[in-house]
Amino acid sequence: MNRQCLICDSSAVLTRDAAKGLPLLVGLLDGAIKGAQRPHEGNGHTDLLSGLAAVAPASPEARKAAEDVVRFHFAGFDCLCLRCGALFDETGESKEGLSPG
Ligand SMILES: [Zn+2]
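Notes on the structure follow.

Thresholds applied
- Residues numbered from 1 in each chain as written.
- Predicted model: local features only at pLDDT ≥ 70, side-chain atom pairs only at ≥ 80, totals over all residues.
- Heavy atoms only, no water.
- Helix = DSSP H or I, 4+ residues; strand = E, 2+ residues; numbered from the N terminus.
- Expected span 1.5 Å × (residues − 1).
- Buried < 20%, exposed > 50% of the residue type's maximum accessible area, 1.4 Å probe, protein only.
- Donors = N, O, S within 2.8 Å, 3.2 Å for Na, K, Ca; no water.
- Core = buried A, V, L, I, M, F, W, Y, C linked by side-chain atoms within 4.5 Å.
- Contact = heavy atoms within 4.5 Å.
- Patch = residues over 30% accessible without salt bridge, like charges linked within 9 Å, V, L, I, M, F, W, Y side chains within 5 Å.
- Areas by Shrake-Rupley, 256 points an atom, 1.4 Å probe, with all protein chains shown as cover.
- Salt bridge = Lys/Arg side-chain N within 4 Å of Asp/Glu carboxyl O.
- Pairing = 2+ DSSP bridges.

Observations regarding helix α1 (residues 16–37)
Part 1 of the argument: Between its first and last C-alpha atoms α1 spans 32 Å; for 22 residues at 1.5 Å apiece the expected length is 32 Å, and the two agree.
Part 2 of the argument: Where α1 is concerned, the buried positions are Ala19, Pro23, Gly27, Gly31, Ala32 and Gly35.

Set out below in C-alpha cells:
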C-alpha cells in the first residue's frame, strides 16, 4: 500500500481518505480541549468529562471541515504529495469504464 509521488518519488503521500480524518481528529481534539479548559468546579475527572461532552457538538463542524479539506486541497484527485504538493490519482488500481476503448 506504499504510494509514491509521481513527481518526486517521495513516499510522503497523503491520500484523500486519510486527509478526511485529520481535520476530524483535530476538530474533535479541539472540542475536547476547549471543554476541559472551561471553568468548572470539581476535580480533574469532571473536567475530563466536560471535555468529552464538548466533543459531540464539535463533530458536525469537524466533518464539514473535513469535506472542505478534500474539496479545496485535493480538487478531485486521490493523492497529495506532502513534499512537493503534487496532486495525482492513484495509479496502482486501474479504473475501468472511463475510456471508451
Ligand atoms: Zn512529490
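That was the structure; now back to the text.
Quick look at the coordination of the zinc ion
Part 1 of the argument: The coordination sphere of the zinc ion contains the protein donors Cys5 (SG), Cys8 (SG), Cys81 (SG) and Cys84 (SG), at a distance range of 2.3 Å.
Part 2 of the argument: Look at where the donors of the zinc ion fall in the sequence and you get C-x2-C-x72-C-x2-C. Residue Cys8 is located in the segment before β1 (13–15), and its partner Cys84 is located in the loop between β2 (79–81) and β3 (87–88); the two are separated by 76 residues in the primary sequence.

Regarding the environment of Gln37
Part 1 of the argument: Mapping Gln37 onto the fold places it in helix α1.
Part 2 of the argument: Between the alpha carbons of Gln37 and Asp47 there is a distance of 7.6 Å; along the sequence they are 10 residues apart.

Brief notes about the nonpolar core
Part 1 of the argument: Core analysis: the largest hydrophobic core is formed by six residues, namely Cys5, Val13, Cys79, Cys81, Ala86 and Phe88.
Part 2 of the argument: Discounting chain neighbours no more than four positions away, the residues touching Val13 are Arg3, Gln4, Cys5, Cys79, Leu80, Cys81 and Phe88.

Thoughts on a nonpolar patch on the surface
Part 1 of the argument: A cluster of nonpolar side chains, Leu25, Leu29 and Ile33, forms an exposed patch at the surface whose accessible area comes to about 280 Å².
Part 2 of the argument: Within the secondary structure, Leu25 is located in helix α1.
Part 3 of the argument: Classification of Leu25 by relative accessible area gives partly exposed; the value is 49%.

Some points on the sheet that holds β2
Part 1 of the argument: Across the sheet, which stays open at both edges, the three strands sit in the order β1-β2-β3 with antiparallel pairing between neighbours. A strand with exactly one partner marks an edge of an open sheet, and here the two such strands are β1 and β3.
Part 2 of the argument: Where β2 and β3 come together, two bridges link them in antiparallel fashion. Paired with Cys79 across the bridge in β3 is Phe88.

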